[in-house]
Amino acid sequence: MDGSDQRQYPLGMEAGVHKVVAPPRQSTVDKLKGKMKETFFPDDPFRSFKGQPARQKWLLAVKYLFPILDWAPRYSFSLFKSDLVSGLTIASLAIPQGISYAKLASLPPIIGLYSSFVPPLVYAAFGSSRDLAVGPVSIASLIMGAMLRQAVNPSTDPFLFLQLAFTSTFFAGMVQASLGILRLGFIIDFLSKATLVGFMAGAAIIVSLQQLKGLLGISHFTTEMGIVPVMSSVFHTTDEWSWQTILMGICFLAFLLLTRHLSMKKPKLFWVSAGAPLASVIISTLVVFLFKAQKHRISVIGQLKCGLNRPSWDKLLFDGTYLGTTMKTGLITGIISLTEGVAVGRTFASLKGYQVDGNKEMMAIGLMNVVGSCTSCYVTTGAFSRSAVNHNAGCKTPMSNVVMAMTVMVTLLLLMPLFAYTPNVVLAAIIIVAVIGLIDIQAAYHIYKMDKVDFLVCICAFLGVIFISVQEGLAIAVGLSIFRILLQITRPKMVILGNIRGTDIYRNLHHYKEAQRIPGFLILSVEAPINFANTNYLNERIKRWIEEEQCAESKVTSLQYVVLDLSSVTTVDTSGIAFFMDLKKTIEKRGLELVFVNPVGEVMEKLQRANELHNFFGTDSLFLTISEAVISLSSFIKLSP
């Protein structure tokens with residue numbers, strides 16, 4: 001095949017029946033617009049705006065920003081009855097959990113209740129999930145407390161610690177809202193399923209072990225998160241153990257576990273486990289008050305002031321000394337809580353058959369944390385346990401969050417003195433039972449059965465969290481996940497194809513036993529985009545295959561054609577085009593011919609442009625299918641002498 005053959009026909013024509021054609025020409029601006037749309041607006045959220053008059057477009061825009069305006073005009077009393085029951089039910093869970101999670105974050109208990117009042121109101125106006133119940137969550141509380149304690153001791157300087165918590169919440173909200181506004185939600189996808197399963201399980205164990213302080217009545221306990229220092233602290237302070245505290249803790253822990261088990265066995269009794277934490281708080285508070293148990297080594301919360309959230313924008317601290325700490329804490333807690341909230345919202349939306357806009361959720365969660373940081377709240381999101389109760393209780397709209405917030409408001413205004421005798425041991429038991437559900441052994445087993453590398457990531461996240469720290473464990477798991485992606489990019493899958501006898505189908509020789517090699521042809525398929533990161537690998541791999549093929553070639557027919565199936569190559573860069581040109585020259589030096597099969601879209605367009613400049617392949621080097629290539633070129637196969 002000489003140069004004259006390359007100029008006989010227009011580019012794209014071949015000897016077979018069909019021809020390979022380049023995609024319709026587009027301007028650079030149109031291409032850029034298309035790529036930007038697919039990158040940042042894959043769900044096309046503004047498709048309902050098309051063809052609408054200007055007034056209607058403005059109305060749709062306002063409804064997009066404030067989803068409450070979409071469902072509120074259609075709201076009815078029957079819907080309110082369902083939301084009222086749901087709101088009161090999740091409030092019974094949110095009040096004790098709010099107090100408990102605030103202590104987990106080393107914050108005053110009242111901050112947990114503040115965080116269950118303002119953020120739900122903000123989310124009700126801006127959120128798109130009907131089932132999400134927002135408030136403090138265990139993992140974000142644990143991370144925030146652990147990271148801020150590295151900079152400030154909450155016991156010696158509680159006001160500064162509170163300032164850092166509010167500032168971290170502000171940065172968390174800014175990160176979350178920015179991801180939604182800039183349509184960068186795909187960033188949270190770097191927290192893979194395997195990473196989250198391992199991370200959540202490890203964090204649940206660390207959270208539970210931290211509660212041994214309350215369950216055993218220990219006063220002097222380590223602030224470190226690793227399993228080794230925690231267990232060391234437990235057994236080095238046996239003289240502080242209180243049998244009264246242990247007895248009460250075991251009783252209420254058993255009660256909470258029993259109600260949880262009952263609700264799991266009989267979902268219709270969900271209200272039993274939902275009301276159990278509040279019942280535990282009430283009963284334990286009465287026991288302590290009646291028997292004056294606080295005088296018998298059972299520690300209590302103490303006096304809590306009545307009143308609603310106080311403004312805290314003046315407490316936001318942007319001092320350079322702690323700016324790095326608060327920004328880092330905000331980033332990590334923001335990403336973790338955002339991942340949990342969006343995942344929970346999508347889970348329950350799929351159960352009820354409606355759509356949740358991930359980017360809109362990010363804006364809503366981010367905004368409620370920014371507002372929360374200015375109203376004495378710390379990081380909040382949609383918790384799975386609370387949302388599950390909300391869903392099972394039959395919520396219909398985000399109004400259930402408003403009902404919950406109003407219930408918390410009444411508690412803040414009137415009922416705070418009643419918590420003065422609430423024992424800390426019961427709060428520890430509530431936290432332990434709440435985080436047990438984060439340990440998903442079945443999911444870990446499924447990951448192990450499906451993908452051993454993903455399971456390794458899961459185990460690394462788990463071990464990193466319990467033996468090093470929460471943030472380092474998460475960083476290790478994310479790093480391993482990204483490393484795996486880089487390996488897939490730099491070492492793309494490439495296979496040798498063979499023909500299934502009696503058909504025009506070509507499949508992987510190592511996968512299909514019935515697939516057979518075609519004499520004189522080496523048919524290769526690249527199953528990944530070709531770019532600067534993998535061209536060297538592809539070049540070396542193809543050369544090695546050619547050498548192996550020539551060493552083992554038949555005495556009747558020698559290798560004459562290398563067929564490169566590009567059907568699975570979705571994109572190629574300039575390094576990839578240079579790779580094709582160099583590969584063709586290398587193959588021709590060996591006395592062989594390189595043939596391309598079915599280059600698609602962008603790949604064909606760039607091949608065409610490169611050919612116009614360098615004229616490096618002809619019409620007889622381009623085919624639509626492997627079968628047509630083999631049929632067309634078989635007549636040129638030369639038999640070995």
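Residues numbered from 1 in each chain as written. Predicted model: local features only at pLDDT ≥ 70, side-chain atom pairs only at ≥ 80, totals over all residues. Heavy atoms only, no water.

Q: So, the packing of aromatic side chains: which residues are in play, and what are the values?
A: In this structure the tally under the stated criterion is twelve aromatic pairs. With centroids separated by 5.2 Å and ring planes inclined at 70°, the aromatic side chains of Phe289 and Tyr421 adopt a geometry described as edge-to-face. You can see Phe289 sitting in helix 14 (residues 270-291) and its partner Tyr421 sitting in the loop between helix 18 (399-415) and helix 19 (424-436), a full 132 residues away along the chain. Here the aromatic rings of Phe580 and Phe596 are separated by 5.2 Å at their centres, their planes lie at 70°, and the arrangement is edge-to-face. Here Phe580, found in helix 24 (residues 574-589), pairs with Phe596, found in strand 8 (residues 593-597); they are 16 residues apart in sequence, far enough to count as distant. The pair formed by Phe580 and Phe596 is uniform in burial state, with each residue classed as buried. When the ring centre of Tyr448 is taken as origin, the NZ or CZ atom of Lys452, which lies over that ring, is 4.5 Å away. (Phe/Tyr/Trp six-rings, centres within 6.5 Å; stacked < 30°, edge-to-face > 60°. Helix = DSSP H or I, 4+ residues; strand = E, 2+ residues; numbered from the N terminus. Buried < 20%, exposed > 50% of the residue type's maximum accessible area, 1.4 Å probe, protein only. Lys NZ or Arg CZ within 6 Å of the ring centre and 35° of its normal.)

Q: Quick rundown of the packing of helix 8 (residues 138-149) against helix 15 (residues 320-352)? Include the residues and the values.
A: At a minimum axis distance of 10 Å, the contact between helix 8 and helix 15 shows a crossing angle of 165°. Accordingly, the angle class assigned to the pair helix 8 and helix 15 is roughly antiparallel. Here helix 8 and helix 15 pass one another in a crossing that is right-handed. Two secondary-structure elements touch here, helix 8 through Ile139, Ala140, Ile143, Met144, Met147 and Leu148 and helix 15 through Thr325, Lys328, Thr329, Ile332, Thr333, Ile336 and Ser337. Looking at the contact of helix 8 with helix 15 residue by residue, the class counts come to eight nonpolar, four polar and one charged. (Axes fitted to C-alpha atoms, helices over the stretch in contact; angles between N-to-C directions. Parallel < 35°, antiparallel > 145°, perpendicular 65-115°, else oblique. Left-handed = near helix turned anticlockwise from the far one by under 90°. Contact = heavy atoms within 4.5 Å. Nonpolar A, V, L, I, M, F, W, Y, C, P; charged D, E, K, R; others polar.)

Q: Which residues make up the state of the cysteines, and what values do they have?
A: With the rule as written, the count across this model stands at zero disulfides. Just so you know, Cys377 is unpaired, no disulfide at all, and the nearest cysteine sulfur is the one on Cys374, 9.7 Å from it. (Disulfide = S-S within 2.5 Å.)

Q: So what's going on with the nonpolar core? Which residues, and what values?
A: Grouped together as the largest cluster of nonpolar side chains are 108 residues, with contacts concentrated most on Leu107 and Phe199. Contact partners of Phe199, with chain neighbours within four places excluded, come to Ile139, Ile143, Ile336, Ala461, Val465, Val470 and Leu474. Core analysis: the second largest hydrophobic core is formed by 36 residues, Ile500, Ala515, Val572 and Leu583 among them. (Core = buried A, V, L, I, M, F, W, Y, C linked by side-chain atoms within 4.5 Å.)

Q: How would you summarise the confidence of the model for the protein chain if you had to cite specific residues and measurements?
A: The pLDDT averaged across the protein chain works out to 85; a share of 95% of its residues lies at or above 70. In the predicted structure, residues 1-16 sits below a pLDDT of 50 and forms 29 contacts with residues beyond four places in sequence or in another chain. (pLDDT = per-residue confidence, 0-100.)

Q: Got a sec to walk through unusual backbone geometry? Specific residues and values, please.
A: Backbone geometry places Ser106, a non-glycine residue, at a positive phi of 65°. The residue Ser106 is located in the loop between helix 5 (77-104) and helix 6 (109-114) in this model. Take Ser106: its relative accessible area is 23%, and that puts it in the partly exposed class. The backbone phi angle of Arg183 is positive, close to 60°, even though this residue is not glycine. Looking at the element boundaries, Arg183 is found in the loop between helix 9 (158-181) and helix 10 (193-210).

Q: How would you summarise helix 12 (residues 227-235) if you had to cite specific residues and measurements?
A: Along an α-helix, residues three or four positions apart point the same way, because every turn accommodates 3.6 residues. Buried residues of helix 12: Val230, Ser233 and Val234, and no others. On an axial view of helix 12, the arc spanned by its buried residues comes to 105°, and they lie on one face. Among the exposed residues of helix 12, those oriented more than 90 degrees off its buried face are Val228 and Phe235. (Arc of directions from axis to C-beta.)

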